[in-house]
Amino acid sequence: MTLRTRLTLAVAAIVAAAVVSGAYASHYTTSRELRSEADKFLLSRATRFTNRGPGFGGGGGGPGGGPGSGRPNFDLGGAPGGDREGGGPLVGLDAVTQVLDANGAVISSVAGQPTLPVDGRDRALARRAGTPRLRDVHVGEVHYRMLTASLAGGGAVQLGRSLTETDDVLSVLRNRFVVIALAGTVLAALAGWVLARRTTKPIQRLTDTAERVAATQDLTTPIPVRGDDEVGRLASSFNTMLVALDTSRRQQQRLVADASHELRTPLTAIRTNIEFLERADTMDAEQRRELLTETRLELDELTGLATELVELATDARNDEPVADVDLAEVTSDVAARYRRRSGRAITLTTTDAAVVEGRRAMLDRAVSNLVDNALKFSAPPGAVDVTVAGACIEVADRGPGVPADERGRVFDRFYRTTAARGRPGSGLGLSIVRQIAEVHHGTVSLHERDGGGTVARLELPAPS
């Protein structure tokens, strides 16, 4: 089921529930109101019987209601109006009326009117005064609202009013409510469909673009961004992702192209040396040693290049957890290590060295690359100076320096200055330093050193 269909069904269901609830509440309220009006009418009519004095209720003797008869001493007769004592007619055509004696037997009714049902509770009210009783009854096919009220001196009066008109009104109202509910649901579904279509249209464009990118691998087609709502922000984020993916792919392609070029040089030299060694029987021992030494150097450079390519092209090192790193300890370890390897003088000065949050192995690698680069460009016995001040690390050499117009480009992959092209190296060391600096939200830059040479400055965020 599509998102558009789900939204449509949700809107239709919500509106349908609201319409049905409103219709039911209206029907129930109307029914209660009409029923209340019928009850008021019956209670009002009953007071014409119950308000008469005790003598009206009997206690006399003869069958016609004299003393000792046990029956109410009036007769409803066969015509509307009956006894008018107490002000106003006792009976009328708008209500079915009958009188019960103290035993609950019907002793008087209007000719032509149906007989109302009498049950145990009605007979109890005839025997003993109590609260008037209202209930619904059916006489034949007719629905009545019926009242049973006790009479003074014994007996009870029963009044029934037909609810046929009320039921007809409620039936018509119910049918209309059903039609309104159905119409409202259909209109809500149509409105929901239009709303869902307009809402999901940008998402559909996003889906189409994603499918086209997956099919064509074309990362240059952006999605039109309209508005600044959630969908607009999603489209903007998708465009940003496309740009990042396109940039990453271009960088990968450039890395492969540059790497193949850089790998070709040592491989060619190694192949040439091997071909010469194949004719070793024409060479003396000194020539063979020179070829083997050159081959070993080329293999070392090739190994270093491969290691740095893997380091640059993968993010495996980012798996190292972030921890507190003492910059004084890192620089001290690097300086000691390169003193042993090179036999060169490396001075270390620390001033309030900071403890930063970072990945120690990565920071060790960055400082190592800076020191290694400085040693390459400082002719022996020139010293390399390492200074740590707060969260800033500086490595200064005493080499020829880097021209101002090339200081920014030396951090590009495989870029080498004119002065460095005759020296060993892959051109990846400073690029790796920049990548490590960016991982730690820091910067790396080159500056001119007073007295000649270059200062490489690695600045990390100060600890909070």
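Everything below is about the structure shown above.
Quick caveat: nothing in here was measured; it's all calculated off a predicted structure.

Residues L327, I346, V356, V371 and L458 are the most contacted members of the largest nonpolar core, which totals 36 residues. Those elements that place two or more of their residues in this core are α6 (327-342), α7 (360-377), β9 (384-389), β10 (392-396), α8 (429-439), β11 (443-448) and β12 (454-459). Of the residues forming this core, the biggest block, eight residues, is contributed by α7. One finds F41, L42, L147 and V157 within the second-largest nonpolar core, a separate group that totals 11 residues.

Taken as a whole and judged by the stated rule, the model has one aromatic pair. Geometrically, the ring pair formed by Y24 and Y28 is stacked, given 6.2 Å between the ring centres and 15° between the ring planes. You can see Y24 and its partner Y28 sitting in helix α1 (residues 3-50), four residues apart, about one turn around the helix. Seen from the ring of F41, R161 lies directly overhead, with NZ or CZ sitting 4.0 Å from the centre. Sitting over the face of the ring of Y338, R341 holds its NZ or CZ atom 5.2 Å from the ring centroid.

Reading across the sheet, the five strands line up as β2-β1-β5-β4-β3 and stay open at both edges, with antiparallel pairing between neighbours. What marks the edges here is a single partner per strand, and that holds for β2 (106-109) and β3 (133-139). Strand-to-strand, the axes of this sheet are offset by a mean angle of 25°, without reference to chain direction. Of the strand pairs in this sheet, strand β1 (residues 96-100) and β2 are connected by three bridges, and their pairing is antiparallel. Note on β2: the bridge partner recorded for L100 is V106.

Closest axis-to-axis distance for the α1/helix α3 (residues 164-216) pair is 7 Å, and the angle between their directions is 160°. Taken together, α1 and α3 sit at an angle that is classed as roughly antiparallel. Regarding α1 and α3, the two cross each other, and that crossing is right-handed. In terms of residue class, the contact of α1 with α3 is built from 21 nonpolar, 10 polar and three charged.

With respect to the helices and strands, the residue A152 is situated in the loop between β4 (142-150) and β5 (156-162). Between the alpha carbons of A152 and A126 there is a distance of 9.7 Å; along the sequence they are 26 residues apart.

Okay, the pattern of salt bridges next. In total, this model carries 16 salt bridges according to the counting rule given. For D94, the salt bridge identified is with R45, shortest N-O distance 3.1 Å. With D94 in the loop between α1 and β1 and R45 in helix α1, the pair connects residues that are 49 residues apart, well separated along the chain. Accessibility expressed as a relative area gives 8% for R45, which makes it buried. Of the charged contacts in the structure, one is a salt bridge between D119 and R135, with a shortest N-O distance of 3.7 Å. Remark: R135 occurs in strand β3 and D119 occurs in the loop between β2 and α2 (120-127); sequence separation between them is 16 residues. Given the relative accessible area of 24%, D119 is considered partly exposed. On the basis of relative accessibility, which here comes to 14%, the residue R135 falls in the buried class. If you follow the salt bridges from partner to partner, you end up with E329, D333, R337, R360 and D364 in one network.

Time to look at the pairing of β10. Within β10, four of the five residues are buried, leaving the element largely enclosed by the surrounding structure. Alignment of β9 against β10, held across five bridges, turns out to be antiparallel. Bridge pairing in β10 links V386 to V395. Following β9, the chain reverses through two residues before pairing antiparallel with β10; G390 in that reversal takes a positive phi of roughly 65°. With five bridges connecting them, β10 and β12 associate as antiparallel partners. Across the sheet, C392 pairs through a bridge with E459, a residue of β12.

Reading guide: rules and limits
Residues numbered from 1 in each chain as written. Predicted model: local features only at pLDDT ≥ 70, side-chain atom pairs only at ≥ 80, totals over all residues. Heavy atoms only, no water. Core = buried A, V, L, I, M, F, W, Y, C linked by side-chain atoms within 4.5 Å. Buried < 20%, exposed > 50% of the residue type's maximum accessible area, 1.4 Å probe, protein only. Helix = DSSP H or I, 4+ residues; strand = E, 2+ residues; numbered from the N terminus. Phe/Tyr/Trp six-rings, centres within 6.5 Å; stacked < 30°, edge-to-face > 60°. Lys NZ or Arg CZ within 6 Å of the ring centre and 35° of its normal. Pairing = 2+ DSSP bridges. Axes fitted to C-alpha atoms, helices over the stretch in contact; angles between N-to-C directions. Parallel < 35°, antiparallel > 145°, perpendicular 65-115°, else oblique. Left-handed = near helix turned anticlockwise from the far one by under 90°. Nonpolar A, V, L, I, M, F, W, Y, C, P; charged D, E, K, R; others polar. Salt bridge = Lys/Arg side-chain N within 4 Å of Asp/Glu carboxyl O.

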